[in-house]
Every structure is written in C-alpha cells, then in structure tokens.
Amino acid sequence: MLKPLGDRVVVEVIEQEEKTTSGIVLPDSAKEKPQEGKVVAVGSGRVTDNGEKVALEVKDGDRVIYSKFAGTEVNADGKEYLVLRESDILAVVE
Amino acid sequence: MLKPLGDRVVVEVIEQEEKTTSGIVLPDSAKEKPQEGKVVAVGSGRVTDNGEKVALEVKDGDRVIYSKFAGTEVNADGKEYLVLRESDILAVVE
Amino acid sequence: MLKPLGDRVVVEVIEQEEKTTSGIVLPDSAKEKPQEGKVVAVGSGRVTDNGEKVALEVKDGDRVIYSKFAGTEVNADGKEYLVLRESDILAVVE
Amino acid sequence: MLKPLGDRVVVEVIEQEEKTTSGIVLPDSAKEKPQEGKVVAVGSGRVTDNGEKVALEVKDGDRVIYSKFAGTEVNADGKEYLVLRESDILAVVE
Amino acid sequence: MLKPLGDRVVVEVIEQEEKTTSGIVLPDSAKEKPQEGKVVAVGSGRVTDNGEKVALEVKDGDRVIYSKFAGTEVNADGKEYLVLRESDILAVVE
Amino acid sequence: MLKPLGDRVVVEVIEQEEKTTSGIVLPDSAKEKPQEGKVVAVGSGRVTDNGEKVALEVKDGDRVIYSKFAGTEVNADGKEYLVLRESDILAVVE
Amino acid sequence: MLKPLGDRVVVEVIEQEEKTTSGIVLPDSAKEKPQEGKVVAVGSGRVTDNGEKVALEVKDGDRVIYSKFAGTEVNADGKEYLVLRESDILAVVE
C-alpha cells in the first residue's frame, strides 16, 4: 500500500464509463478538463510556517474531482493510482 | 452535488442573455472581460500560514463577477459549473 | 451595485477632459501612464497570513491615481467601472 | 496634492543641472544609473503579514537617490513627480 | 557515510528488476514516472520561518516513491545514492 | 554623504591594484567574480514580516567581498561608490 | 581570512584526486554532479521572518558535498575557496 507524505493524496482513477453513473459529465471544450477519482490514502497534513500540522480536508473513500494534468501516476498491485497534492483537488462529489 | 475544497467556490454560469436583466453589461474592448455567475457552493476556507482557517466572503446565492479565464469547468446534472478560487472573484453584484 | 471582494476597489473612470480641472496632467512619455478615477466601493480588506483583516486606506469618494493597465473593466448601469486591487492605486488626489 | 498609498513616496524630480550643486555626479557607464529627487509626500507605511504598519524611513524634504527606471510619472500643477515604492529608494543624501 | 542537511534525505536507488517484487509497477506513459528507493539517511529537519525545526516524516529503511528527475546523484563506497529533498518524495510503500 | 535605506550598504570600490595587498586574488575563470570594497555607510536594517528591525552584520570600515554585478553605482564628491543590499555581500575580509 | 555573512559558508575546494581517498566517487552521467570540499568558515546564521537567528548545521572542518554550479569562487592567500549558501550543501561526509 502507498502512504502519501505531507499534503499528498493517493487517488484511484475512475474510468470514463463510470463517470456518467455519478452524474458528473465533463464538457468537451477548450478549457482544462477535470477528472474524477476515489481517495484511497491521505497524508498526515501540511506543516505551516508556524510549525503546525494542518490535517487534510479529504478522507479515504471521498469521490473527488481533480485537474487532469496534476499529479504523478503510480501503478501498484495492477491498479492505476495518482499521487496528488490536496491543492490539486477541486471538489468532493457528495 | 459538488463540495469545493479550501478557498474554492462552485459557480453556476449565467448566460449572456440573463446578464442584461441585472444591469451589468460587459464592455467590448481589448481588456480582460469578466463574466457573471451565481455561487452554489463554497469551500470551508483558506488556511493561513498560522494554521487559522479564514472563512470565505461569498456565500451561496451570491451573484458574482469573475475573470472569464479563471477556474475549471465541470458539468454536473446537465448544468455547467465553474470551480473557482475566491481570489478569482472580483465583486458581488448587490 | 458592485461590492468588491478583499482588497479590491471599484473605481469610476474619469474622462480625460475632466482631468485638467483637477490639475493633474499626465505626461506624454514612454513611461507607464497613470489614470485618474473616483472610488465608488471598497472591499472589506485583505486578510494577512496571521488571519488579521487589514482595512483599506482608500474610501468611497476618494479621487485616485492608478496604473493604466491595472484592473478589469465592468460596465454597470451604463457607466464604466474598473475593479482594481488597492495595491494598483498609486496615490489619492487631495 | 498627491497622497501616496502604503509604502509609496512622491518625489519631485531634480534636473540634471541641479545635481552638480549637491556634489552627486552620476557616472557614465553601462550600469543602472540612479537619479536624484526631493521627497514631497510619503505614504502611511507598509502593513506586514502580522498586520503591523511599518512607517517609512524617508520623510518630506529628504533628498534621495532612486533607481532611474523605477516608479510612475505624474505631472501635477505643472511639476513633474514620480510615485515610487520606498524600496526603490537607494539612499538619502545628507 | 553521508549525513544530509536540513530537509534532505539520502536514498539508495532500487533497480528496476527489484521493483516488480514489491508489487509497484511504473506505467509506460507520457506522464512523469516515479522511481523507488530505500531511505538510508535523513536530515535533522526543515527550519520554519518561526525558527522551529520540523522533523522529517520518512525514516531510515523506508521504501519510498520519488520523482524520477529529482535530486542529485552521489556514488559512495560503490553504491549509487540520491540526495533528495523530502518534498520530492511522493509516498512511502508499506 | 549618502545614508542608505533599510538593508542597503554604501561601499567604496577598491581598485584592482590595491587588491593584491590584501591577499585576495580574484581567479580568472568563467564563474561569477566577486569584487572587494570598503563599507562607508550602512542602513538601519531590514524590517521582517513580524515588524522587527534586524540590524546589519557589516559595519563602517569593514572590507567586504561582493558580487561584481550587484548594486548601483553612485559617484559622490569625486569618489565611486556602490549601493548594495547586504545580501549581495558574500564575506568580510578579516 | 574570510568571514561569510548570514547563512553563507566558505569551503576549501578538494581536488578530484583527493576525492577517491574519501570513498566518494562522482558518477559520469547527465545529472548535476556534486563536488566535495572542506568547510573553513561559517556565517552567524540566517535570520527568519520572526527575527530569530538560526545557526548553521555545518561547522569548521566538515567535509561537505555541494552542487557543482553553486557559489562564488574567491582565491585568497593562494588557495581556491568557494562562498556558498548552506542550502547549496547537500550532505556532510562522516
């Protein structure tokens, strides 16, 4: 299993087909297109300049929308994951 | 529904036709043109370097003017939304 | 009416003709030329990294000099406005 | 009269001829050449990230050396002024 | 032995062959590919702007995923090491 | 006399000939070459984001090594001076 | 002797021949290659935004690995020195 550091999050990529079931359709335009995924692991948080640790807002199991070009791909145990910074996550799908 | 993270805001885009009813007309010039929208969801706020959370100034239902090139388009439940940072919002229309 | 966010200010643009009456003449040179306007609305202030809100120095009715290339044009109720950050304002004309 | 904002300063430009009387001669080289002026108005100071206001070091009447390419020209009441940030001022001539 | 400074970490590079045994397979795509390694030494931590020292999250012996293009190669005692900043480490493999 | 502002320092340039007497010889290579000078005036210090003033480390009379391309030349009373930020000074020659 | 300012360090460059004796061999690749040296003088430390002085981690006599392209060469008393910021030092060789 992957344990992300700091303000990083591991996201399981959700395939395009699944996306329509959640009601989120990504428009076909010239703008940057977000992508949907499921959070599978979160880091322990970002440390501010004050030395305080700020916990992440997202948690395991959250469905999230993130910028398509963000993060680094990792393939573990046959699944495709993305390691993102929390700041690359736009919104949680509720 | 989309719940934006941090200092992000979800805005429902207001079509060009609607805009004249609110009295806001966007000029036809070489300058960057702002766009109008309605806030439908706000994040829990930005965390400062001191570890304090600063709540957003805008709230659900606010009509806002934002920079045209800001944010990321998301299409959920057949409506076009924009996920913006609050700092991309110029002003609230009152 | 427009209510600007944070450290933003809404300025009513003053036409070139009016400018001579206030005694401010903008030179014809290669340098960046400032422009004159009247403040019609101010934001509630900038939030520092400490989480403190710093009120703006300018107030409604102030005649101000600002950088010509700053801000975003908005046309509301038939008048031309500019939404600027306070830091784009150089000086108040007293 | 112009009242500069924040850490800005209004400087009356001193002509090249006057400069020799103060004993400051600007060298003829490839390096950036400073310019001399007289402070006629100072802002109320810069606000730090702590929310504290830091008063300016220069005051009305100071003769100052500043970077030639700094600031914005304003022509008020027939005189040429420059609105500078204090950080563009190199030294006070005493 | 190498003792890294501040928030730096010395990582022993794990060869491509070993990688399949840990179940981490790096995908063959246009995205930035991470690399796997074993932490052999960690710095004493980063000093925040408050003057506080923040200890590192990783420790000796951790298997880590890091960005392929990060760090500086050093070859000591016949082994290939990489000196990285902790912020270049994406996740710990558990 | 010139009184530098903030963290600035006025340095009297030491000619190439003098340099050999102090034992400092500047190498003839592709790297940036430092230059030697004598501090003749120091600013009152830099103000941190906390609003605290931090006094300079160098003082009048110090012989210093500084980056050749740093600072602004000023010629006062027939002597060539350089106004530098303290951060452009590499070391004091003791 | 040279006394470096702030977070700077004076390093005596160790020739390529000596390097093999310490067991550190620098690889022949396209990556940035570090260089080895001996610390001969350290500054009094960096001042944080809080006004606190943070002492350096390295001390006189430490053998250090630093980035090849960092720092400024100074030749004093016939020896070649490098003035570096501590942040350019990767690790201490123990």
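Residues numbered from 1 in each chain as written. Chains lettered and ligands numbered in written order. Predicted model: local features only at pLDDT ≥ 70, side-chain atom pairs only at ≥ 80, totals over all residues. Heavy atoms only, no water.

A few words now on the overall build of chain A. Helices and strands together make up the secondary structure of chain A, namely one helix and 10 strands. Order of helices (α) and strands (β) in chain A, N terminus to C terminus: β-β-α-β-β-β-β-β-β-β-β. When each of the 94 residues of chain A is scored for burial, the buried share is 51%. Within chain A, residue pairs in contact and separated by at least 24 positions form 66% of the contacts whose partners lie at least 6 positions apart. With an accessible surface of roughly 4,200 Å², chain A has 48% of that area assigned to carbon and sulfur atoms. (Helix = DSSP H or I, 4+ residues; strand = E, 2+ residues; numbered from the N terminus. Buried < 20%, exposed > 50% of the residue type's maximum accessible area, 1.4 Å probe, protein only. Contact = heavy atoms within 4.5 Å. Areas by Shrake-Rupley, 256 points an atom, 1.4 Å probe, with all protein chains shown as cover.)

With an RMSD of 0.0 Å, chain D superimposes on chain C once it is rotated by 51° and translated 0.1 Å along the axis. When the interface residues of chain D are mapped onto chain C, a mere 11% of them are again interface residues, pointing to distinct binding faces. (Least-squares fit on C-alpha atoms with pLDDT ≥ 70 in both.)

With that out of the way, let us pick up the interface of chain D and chain C. Tallying the contact residues gives 27 residues for chain D and 25 residues for chain C. Where chain D abuts chain C, roughly 2,100 Å² becomes buried across the two surfaces, and 50% of that area is made up of carbon and sulfur atoms. In terms of surface lost to chain C, no three residues of chain D exceed L5, D49 and E73 of chain D, which account for 28% of the buried area on that side. Along the contact surface separating chain D from chain C lie zero salt bridges. (Buried area = accessible area lost by both parts, 1.4 Å probe. Salt bridge = Lys/Arg side-chain N within 4 Å of Asp/Glu carboxyl O.)

Turning next to the relation of the copies chain B and chain A. With an RMSD of 0.0 Å, chain B superimposes on chain A once it is rotated by 52° and translated 0.1 Å along the axis. Taken together, the interface assignments show that only 11% of the residues at the interface of chain B recur at the interface of chain A, consistent with different surfaces on the two copies.

Time to look at the pattern of salt bridges. Residues and elements named next belong to chain D. Counting across every chain of the model gives 21 salt bridges over all chains. Residues E36 and R63 are paired through a salt bridge, measuring 3.1 Å at the closest nitrogen-oxygen approach. Residue E36 is found in strand β4 (residues 34–42), and its partner R63 is found in strand β7 (residues 63–67); the two are separated by 27 residues along the sequence. When its relative accessible area of 0% is taken as the criterion, E36 is described as buried. According to the relative accessible area criterion, R63 is partly exposed, its value standing at 25%.

On the surface, E52 of chain A, E52 of chain B, E52 of chain C, E52 of chain D, E52 of chain E, E52 of chain F together with E52 of chain G cluster together into a negatively charged patch. Tracing the backbone through its elements, the reader meets E52 of chain F in the loop between β5 (46–47) and β6 (53–54). On the accessibility criterion, E52 of chain F (38% relative accessible area) is partly exposed. (Patch = residues over 30% accessible without salt bridge, like charges linked within 9 Å, V, L, I, M, F, W, Y side chains within 5 Å. Lys, Arg positive; Asp, Glu negative; His and termini not counted. Charge placed at Lys NZ, Arg CZ, Asp CG, Glu CD.)

Quick look at the interface of chain B and chain A now. Contacts between chain B and chain A engage 27 residues on the former and 26 residues on the latter. Together chain B and chain A conceal approximately 2,100 Å² of surface at their shared face, both sides included; 50% is due to carbon and sulfur atoms. Per-residue buried area on chain B facing chain A is highest for L5, D49 and E73 of chain B; these three make up 28% of the total on that side. The interface formed by chain B and chain A includes zero salt bridges. Summed over the shared surface of chain B and chain A, the result is eight residue pairs in polar contact (both at pLDDT 80 or more). (Polar contact = N/O pair within 3.5 Å; in protein donor to acceptor, adjacent residues only side chain to side chain.)

The predicted structure's coordinates, where accompanied by low pLDDT, should not be read in detail. All names here are of chain A. When pLDDT is averaged along chain A, the result is 83; 80% of the residues meet or exceed 70. Ranking the elements of chain A by mean pLDDT puts helix α1 (residues 16–21) last with 48 and strand β10 (residues 89–93) first with 95. Within the model, the stretch residues 28–32 combines pLDDT values under 50 with 13 contacts to residues more than four positions away or in other chains. (pLDDT = per-residue confidence, 0-100.)

This paragraph deals with the pairing of strand β2 (residues 8–13) of chain A. Residues and elements named next belong to chain A. Counting buried positions along β2 gives five out of six residues, so the element sits mostly inside the fold. When β2 meets strand β9 (residues 79–85), the two strands line up antiparallel, connected through five bridges. Bridge assignment links V11 to a residue of β9, and that residue is L82. Relative to strand β4 (residues 34–42), β2 runs antiparallel, the two being bridged by five bridges. Bridging across to β4, V11 finds its partner in V39. (Pairing = 2+ DSSP bridges.)

A separate point is the environment of E80 of chain A. Assignment of secondary structure puts E80 of chain A in strand β9. E80 of chain A sits 67 residues away from V13 of chain A along the chain, and the two C-alpha atoms are 6.4 Å apart.

This part takes up the pairing of strand β8 (residues 72–76) of chain D. Residue and element names in this part refer to chain D. Summarising burial for β8: four of the five residues are buried, a large majority. Bridge count for β8 against strand β9 (residues 79–85) is five bridges, and the pairing is antiparallel. Each bridged residue has a counterpart across the sheet, and for V74 the counterpart in β9 is Y81. Hairpin geometry of β8 and β9 is characterised by an intervening segment of two residues between the two adjacent antiparallel strands and by a positive phi of about 55° at D77.

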